[in-house]
Amino acid sequence: MYFDLTDEQQAIKSTAHDFLNARFKSERIREIAASESGFDESGWKEMAELGWAGLALPEEWGGQGLGTVDLAVLFEEMGYVCAPSPLLSNTVVGLALAAGGSDEQKERWLRPLAEGELRGTPALIDAGHPVEIGRFAMAAESDGEGFVLNGEKTLVMDAASADFFLVATSDGHRHIVESGAGGVSVSPEESIDPTRRLSSVRFEGVRPEATLPGAGEDYIPVFLRACVALAAESTGLAQRALEMSVAYAKDRQQFGRPIGAYQAVSHRCAQMLLETENSRSAVYGAAWAADAEPESLPLAAAMAKAYASDAGWRVPDAAIQVHGGIGFTWEHDLHFFLKRGRANAASLGDAKWHREHVADAVLAGETAPARS
Amino acid sequence: MDLTLSPSEEEFRDEVRTWLQENHPGPEPEAGLDEVMAFRRDWQRRLHEAGWAGISWPKEYGGRGATMIEQAIFAAEATRQEAPAPANVLGLAMGGPVVIAHGSEEQKARYLEPILTGEEIWCQGFSEPESGSDLASLKTRAVRDGDEWVVTGQKVWTTFAQYAKWCMLVARTDPDAPKHQGLTYFLMDMEQDAVQTRPLVQITGEGEFNEVFFEEARVPDANVVGGVGNGWAVAITTLMNERAGLAFGAISQIQNSLARLSKLAKETPANSGTAADDPYFRQRIAQLHIEVETMRLNAYRGLTKTMQSGIPGPEGSLGKWQWADINQDLTELALEIEGAYSTLARGSEHAVAGGAWQYSFLRSRANSIEGGTTDILKNIIAERVLGLPRLR
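Numbering of residues starts from 1 in every chain and runs along the sequence as written. All chains are assigned letters beginning with A, and all ligands numbers beginning with 1, in the order in which they are written. Reporting in this predicted model follows two pLDDT cut-offs: at least 70 for local features of residues, and 80 or more for side-chain atom pairs to be given and counted; totals over whole chains, interfaces and linings ignore these cut-offs and use all residues.

1. Some remarks on the overall build of chain A
Note the cut-off: Numbering of helices and strands runs from the N terminus, with a helix taken as a DSSP run of H or I at least four residues long and a strand as a DSSP run of E at least two residues long. Field definition: a residue is buried when 20 or more other C-beta atoms are found within 10 Å of its C-beta, exposed when 12 or fewer are, and partly exposed for counts in between, with C-beta atoms placed from the backbone. Two residues qualify as being in contact provided that their C-beta atoms, derived from the backbone, are within 7 Å of each other.
Along chain A, the regular secondary structure elements total 11 helices and 11 strands. In terms of overall dimensions, chain A has a C-alpha envelope of 80 × 50 × 40 Å along the principal axes. Buried residues in chain A amount to 56% of all 372 residues. Within chain A, contacts between residues at least 6 apart in sequence are counted, and of these 74% link residues at least 24 apart.

Written out as structure tokens, the structure reads:
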């Protein structure tokens, strides 16, 4: 029994912390958020040099071969600075290629992705259809010569900077479509979170470059790891919002005292700490399960994503209250954290959706159920 | 990172599990507190004979010298199997550790063995009517008279004082010193006429705790623990031990309650199915499970940290706060599930589950008060973990 990071993981954490805090200062995040594409080319190159594009991808395909705990460490630090980066979407595509791709496809797509030379993003949600995790409306039609895709995917992350899309169809398959292919058109949406761009992508008679042999349940472990990474990011958002609040509460004086001396403020901060620490425990518990006890991952990931979905925006929300008027201004950074937290809460299944899975397990009396 | 037990820890857990299965005395009698205490004394004797009483204590003092993980395993397993509490909970969890940490060799020789056997029950004389969270303001006076001290004052919320031989008494020995410095920690013999206890009836109708009145009660100088004027530091050790000992047993206890709550939901008709099909109840049950799991994982993280640094940190306050919140939410949800029937208590023909949840609902109101109120824990967290300024 040892629930702490190893020395190697501590090293990843401090490298990530130092790099990200130097690279993503407030002014830089604002520049990226206000830019046309929302993509930071030079930041991406540096992350790729650090090996982050393939951190948790297999070594034999150009990745670092590290585990989900290491991935959580990295994403917690990404959240801590609210980094605008396609690293999450890219990592999810990498995990999916590793899970469902043929060797030939891995050589062609996964290796360059893991090495940071190609970027991919998942295109899962069908515009105009109710969102049901793992179920897709777009059909993979066959015209005798291969598949043809027609339809519109939405809520696609980082589409502007992606070299290819991993498109999900109703048969449970994933298809690789290059972003420059004929019949593909990308239209940016206006997300509440300006640091992670969302787009809709139309596919009109598009012939995919490749179709992965893996289907359906092969991607469940990918989804669960993505949930853990996103929950880790939300934990980082909460940690930063907490630290900003504590610093402000020590400094800001009203009625002749620092406001942190008043229990209305200090107890709010204590609540933020509780939620942040709970979120962190749930995330690392799930990350550990992903690496060491996969049978308990479905429940652990559901708990982590449910908890962090709430904490990831509620803690920044509380931080705005601690800051008062200044916290409500565009000039202060807190709104980026609130917005990212809120967007994360709705992505990859919201708290309610994940809690429903937890309820299934608890009411069935199972401690580590496999999700069907 | 490794959230599994090592082979030797697993072996320890299996040993605990098997022993408890073979020696479990069954549920506590549904009778008055006197019968329950007699039952718990028997149970503690058996625990002691088998070497399970005071497992955290060093071997030289009759304990087992168990590691923190083994203590956690024992607490979790005993609660999981719903083993009864030993009679002398306060002596084992607080009195003994304080004597071991601050007592003289004579005191260790005199007091430790009867704590372990349950022969002498201990109680804690800290809180007073005018001194609750502000413990250091306490007024009970101890005045030296030769080689004795004469104690006058009143204590309150004194659990099991009516059964206690010894009271861990904090009294003011120097009224002129600053409030934290004029205090001394005594072991007061409760068996004297100058000490009177009066049970306080709780909102559950029971009387676990008492008021205790000292009217020129006598305590020999030899019963001072940790030196005259050091009472505050010694008392703090007691409280730290109380919190460290609580976590893992508390988690198992909530897990048991949550299993009962799930059963209640599945057995309670609602709409066309049961409460377990109701989306609102499902969400609440799931959230409770998540909270218990985060509390368990926090406790593991805390344990890892404590093993590295050697002392439990103030983060333990988070767990106690969370435990109180979860326990209260859980019993509130049970009453919501019972609906109109939730008003029927023990003794009613139509009470659901024999009125168990009505009792738990009422009893859990104290969870955010006993052993440090949630409001004070938030102050501790704000000041000692977050480093926010003190108001005082």
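Let's pick the thread back up.
2. Points about the overall build of chain B
Put simply, the test is: Between the two quantities, the radius of gyration covers C-alpha atoms and the globule rule is 2.2 Å times the number of residues to the power 0.38.
When you go through chain B residue by residue, the secondary structure sums to 10 helices and 10 strands. Computed over C-alpha atoms, the radius of gyration of chain B comes to 22 Å, within 12% of the 21 Å expected from 2.2 N^0.38 for 392 residues, which places it in the range of a compact globule. In terms of principal-axis extent, the alpha carbons of chain B reach across some 75 × 50 × 50 Å. Put simply, of all contacts in chain B between residues at least 6 apart along the chain, 69% involve residues at least 24 apart.

3. Details of the domain arrangement of chain B
Residues and elements named next belong to chain B. Put simply, the rule is: Note that domain bounds follow an automatic or database assignment of domains. Charged residues are taken to be Asp, Glu, Lys and Arg, nonpolar residues to be Ala, Val, Leu, Ile, Met, Phe, Trp, Tyr, Cys and Pro, and polar residues to be all remaining types, Gly included.
Assigned domains within chain B: domain 1 (7–117), domain 2 (122–228) and domain 3 (234–385). For domain 2 versus domain 3, the separation of C-alpha centres amounts to 31 Å. Contact with domain 2, which involves nine residues of that partner, is made by nine residues of domain 3. When its residues are assigned to classes, the side of domain 2 that touches domain 3 shows six nonpolar, three polar and no charged.

4. A closer look at the sheet that holds strand β6 (residues 173–178) of chain A
Residue and element names in this part refer to chain A. We apply this condition: When DSSP finds at least two bridges between two strands, those strands are taken to pair. The convention used is that axes are lines fitted to C-alpha atoms, helices contributing only their stretch in contact, and that angles between N-to-C directions extend from 0 to 180 degrees.
One open sheet accounts for four strands, arranged β1-β5-β6-β9; its pairing is mixed. Each having just a single partner strand, β1 (120–123) and β9 (210–215) make up the two edges of the open sheet. Here the strands of the sheet are splayed against their neighbours by 25° on average, with no regard to which way each runs. Strand contacts of helix α5 (residues 87–100): β1, β5 (164–168), β6 and β9, with the helix running at about 80° to β1, the strand carrying the most contacts.

5. Some remarks on the nonpolar core
Selection rule: Each nonpolar core comprises buried Ala, Val, Leu, Ile, Met, Phe, Trp, Tyr and Cys residues, the members being joined through C-beta atoms within 7 Å.
Among the nonpolar cores identified, the biggest contains 173 residues, and A72, V228, C269, V283, A286, M303 and A304 of chain A are the most heavily contacted of them. Broken down by element, the residue count for this core peaks at 18 residues, all from helix α7 (residues 220–251) of chain A. Discounting residues that sit within four places of it in the chain, M303 of chain A has contacts with A282, A286 and V358 of chain A together with I290 and E293 of chain B. Core analysis: the next-biggest nonpolar cluster, separate from the first, contains 51 residues, C123, L138, A164 and A171 of chain B among them.

6. Some points on the environment of S179 of chain A
Residues and elements named next belong to chain A. Summarising the element assignment, S179 is placed in the loop between β6 and β7 (184–188). Overall, the presence of 18 C-beta atoms within 10 Å leaves S179 in the partly exposed class. Between the C-alpha atoms of S179 and D163, which are 16 residues apart in sequence, the distance is 5.4 Å. Not counting residues within four places of it along the chain, the set of residues in contact with S179 comprises A162, D163, F164, F165 and V184.

7. What about the domain arrangement of chain A?
The extent of an interface is frequently quoted as the accessible surface area lost upon association of the parts. Residues and elements named next belong to chain A. Segmenting chain A into domains produces domain 1 (7–114), domain 2 (120–214) and domain 3 (218–363). Just the C-alpha atoms count here: the centres of domain 1 and domain 2 sit 22 Å apart. In this complex, domain 1 contributes 21 residues to the contact, which on the side of domain 2 involves 19 residues. Within the residue set of the side of domain 1 that touches domain 2, elements represented by two or more residues are α2 (26–34), α5 and α6 (103–114). Looking at the side of domain 1 that touches domain 2, its residues break down into 13 nonpolar, eight polar and no charged.

8. Describing the interface of chain A and chain B
Contacts between the two partners involve 38 residues from chain A, matched on the other side by 37 residues from chain B. Residue assignment for the side of chain A that touches chain B shows that the elements contributing at least two residues are α7, α8 (263–292), α9 (297–323) and α11 (351–363) of chain A. Across the side of chain A that touches chain B, the residue classes break down as 24 nonpolar, eight polar and six charged.

9. Some thoughts on the packing of helix α3 (residues 68–80) of chain B against helix α7 (residues 279–309) of chain B
All names here are of chain B. Note the cut-off: Orientation categories follow fixed angle ranges, with anything under 35 degrees roughly parallel, anything over 145 roughly antiparallel, 65 to 115 roughly perpendicular, and all other angles oblique.
Close contact between α3 and α7 brings their axes to 10 Å; oriented N to C, the two are set at 150°. As summarised for this structure, α3 and α7 are arranged roughly antiparallel, according to the angle between their axes. On α7, the residues that touch M68, I69 and A72 of α3 are L303, T306 and M307.

10. Here's the deal with the environment of A247 of chain A
Residue and element names in this part refer to chain A. Tracing the backbone through its elements, the reader meets A247 in helix α7. Owing to 12 C-beta atoms within 10 Å, A247 belongs among the exposed residues under this scheme. Placed 111 residues apart in sequence, A247 and F136 show a C-alpha to C-alpha distance of 46 Å.

11. Some details on the environment of G231 of chain B
All names here are of chain B. By the secondary structure assignment, G231 is in helix α6 (residues 231–267). You can call G231 buried: it has 28 C-beta atoms within 10 Å. For the pair G231 and V170, spaced 61 residues apart in sequence, the C-alpha separation works out to 6.3 Å. Excluding anything up to four places from it in sequence, G231 contacts V170, L183, T184 and Y185.

12. Digging into the packing of helix α4 (residues 68–80) of chain A against α7 of chain A
Residues and elements named next belong to chain A. Here is the rule: The sense of a crossing depends on the near helix, which, turned anticlockwise from the far helix by less than a right angle, makes the crossing left-handed and, turned clockwise, makes it right-handed.
Here α4 crosses α7 at 40°, and the two axes come no closer than 6 Å. The orientation of α4 with respect to α7, classified from their angle, is oblique. Regarding α4 and α7, the two cross each other, and that crossing is right-handed. The residues of α7 that touch α4, namely those facing T68, L71, A72, F75, E76, E77, M78, G79 and Y80, are R225, V228, A229, A232, E233, S234, T235, G236, L237, Q239 and R240. In terms of residue class, the contact of α4 with α7 is made up of nine nonpolar, six polar and five charged.

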